[in-house]
Amino acid sequence: MSALASLLKSMKFMLSSPSYSSLPKDYGVEVAFAGRSNAGKSSVLNALANRKALAKTSSVPGKTRHINLFSLTDDQEKRLADLPGYGYAKVDAREQARWGEELTRYITERESLKGVVIVMDMRHPLTENDKQMVILCRTGDKPVHVLLNKADKLKANKRAAIKKSFEKELAILAPGASYSIFSAVKGDGIPELRSAIARFIDAS
Ligand SMILES: Nc1nc2c(ncn2[C@@H]2O[C@H](COP(=O)(O)OP(=O)(O)OP(=O)(O)O)[C@@H](O)[C@H]2O)c(=O)[nH]1
Ligand SMILES: [Mg+2]
C-alpha cells in the first residue's frame, strides 16, 4: 500500500466548522472536496477511507452544512476538507449567498489549501455552479481535479459520450485541470483520485 493510501485509511474526523473564520490555524496542507449538493462529496471521502460513515451522507441534498475537517496525520498537518454543497434550490437564498461568500473566502484566502477536488455527478457535469467553482479556484490560484462521480449510473456508451464533451469543455474552462471517473458506490477510480491528491500534497 502506498504511503498516502494508508494515511487515507486511517484518517480521522477532526472538527466541524460553522464558518470560514472559525477554522483552525492555517498551517500544513489541506485538500478540499467541493461540489453541488448531493454530488457525493461525503461518499467519496468514505470510499477513500474505506469506511461507511466517517463523513455523513444523505439522499437528502444539503446534508453537509459546515466545513468538516479530517486529519490524515496525528499532528493534523495534512487534512481533507468536506465542504458544504452548493446549488441546492431548497436552501434559502440568504443561506446560499452566505455560503457563496464563505466558500469564496475559503478558496481564495486559505493558504494551506493546496488543491480542490470538485465532485460532479457524471450524468450532468459542469453546471453553472460548477463552472463558477472552477473559475473561483483559478482566481484563488488553486489546482483543480474534477471527479466525475456516480459513473455506475451510466451505461458504457453514454459514459464515453459524456466524457468526450466534458473533456472539451474542461480544456477551455480550466486548461491545467485534471479529471477522473469515479463511483463511490462501487469503489471504482480510487487509484486515480489518490494520485491527484498525492500531486496536490507533494507540490506543496
Ligand atoms: N449510485 C451512486 N450513488 C452515489 C454515489 N456517490 C454518492 N451517491 C449517493 O448520492 C447521495 C448523496 O451523497 P452524499 O455523499 O451525501 O453527497 P454530498 O455531495 O456530500 O451532499 P451534501 O452534503 O448535501 O452536499 C447519497 O444517497 C449517496 O448514497 C455513486 O458513486 N453512485
Ligand atoms: Mg456531504
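For the structure, see preceding data.
Rules used in this analysis
Residues numbered from 1 in each chain as written. Chains lettered and ligands numbered in written order. Predicted model: local features only at pLDDT ≥ 70, side-chain atom pairs only at ≥ 80, totals over all residues. Heavy atoms only, no water. Salt bridge = Lys/Arg side-chain N within 4 Å of Asp/Glu carboxyl O. Helix = DSSP H or I, 4+ residues; strand = E, 2+ residues; numbered from the N terminus. Buried < 20%, exposed > 50% of the residue type's maximum accessible area, 1.4 Å probe, protein only. Phe/Tyr/Trp six-rings, centres within 6.5 Å; stacked < 30°, edge-to-face > 60°. Lys NZ or Arg CZ within 6 Å of the ring centre and 35° of its normal.

Brief notes about the pattern of salt bridges
Counting across every chain of the model gives 12 salt bridges. Ionic pairing is found between Asp 74 and Lys 12, a salt bridge with its closest N-O pair at 3.9 Å. Of this pair, Asp 74 sits in the loop between strand S3 (67-71) and strand S4 (78-82) while Lys 12 sits in strand S1 (residues 12-17), and the two are 62 residues apart along the sequence. With relative accessibility at 74%, the residue Asp 74 sits in the exposed group. Asp 121 is paired through a salt bridge with Arg 123; the nearest N and O atoms lie 2.7 Å apart. A residue is classified by how much of its surface remains accessible, and Arg 123, at 34% relative accessible area, is partly exposed. Here the salt bridges do not stand alone but share partners, grouping Asp 26, Glu 30, Arg 79 and Arg 110 into one network.

A word on the packing of aromatic side chains
Evaluated as defined, the whole model comprises three aromatic pairs. On the basis of an interplanar angle of 70° and a centroid distance of 6.4 Å, the ring pair of Tyr 20 and Tyr 106 is categorised as edge-to-face. Here the residue Tyr 20 occupies a position in the loop between S1 and strand S2 (29-35), and Tyr 106 occupies one in helix H3 (residues 93-109), the gap between them amounting to 86 residues. Between Phe 166 and Tyr 179 the ring centres are 5.1 Å apart and the planes differ by 75°, which places this aromatic pair in the edge-to-face class. With Phe 166 in helix H5 (residues 156-173) and Tyr 179 in strand S7 (residues 178-181), the pair connects residues that are 13 residues apart, well separated along the chain. When the ring centre of Tyr 27 is taken as reference, the NZ or CZ atom of Lys 25 above it lies at 5.0 Å. If you follow Arg 79 out to its NZ or CZ, it ends over the ring of Tyr 27, 5.1 Å from the centre.

Purely spatial values, then, with no claim about function.
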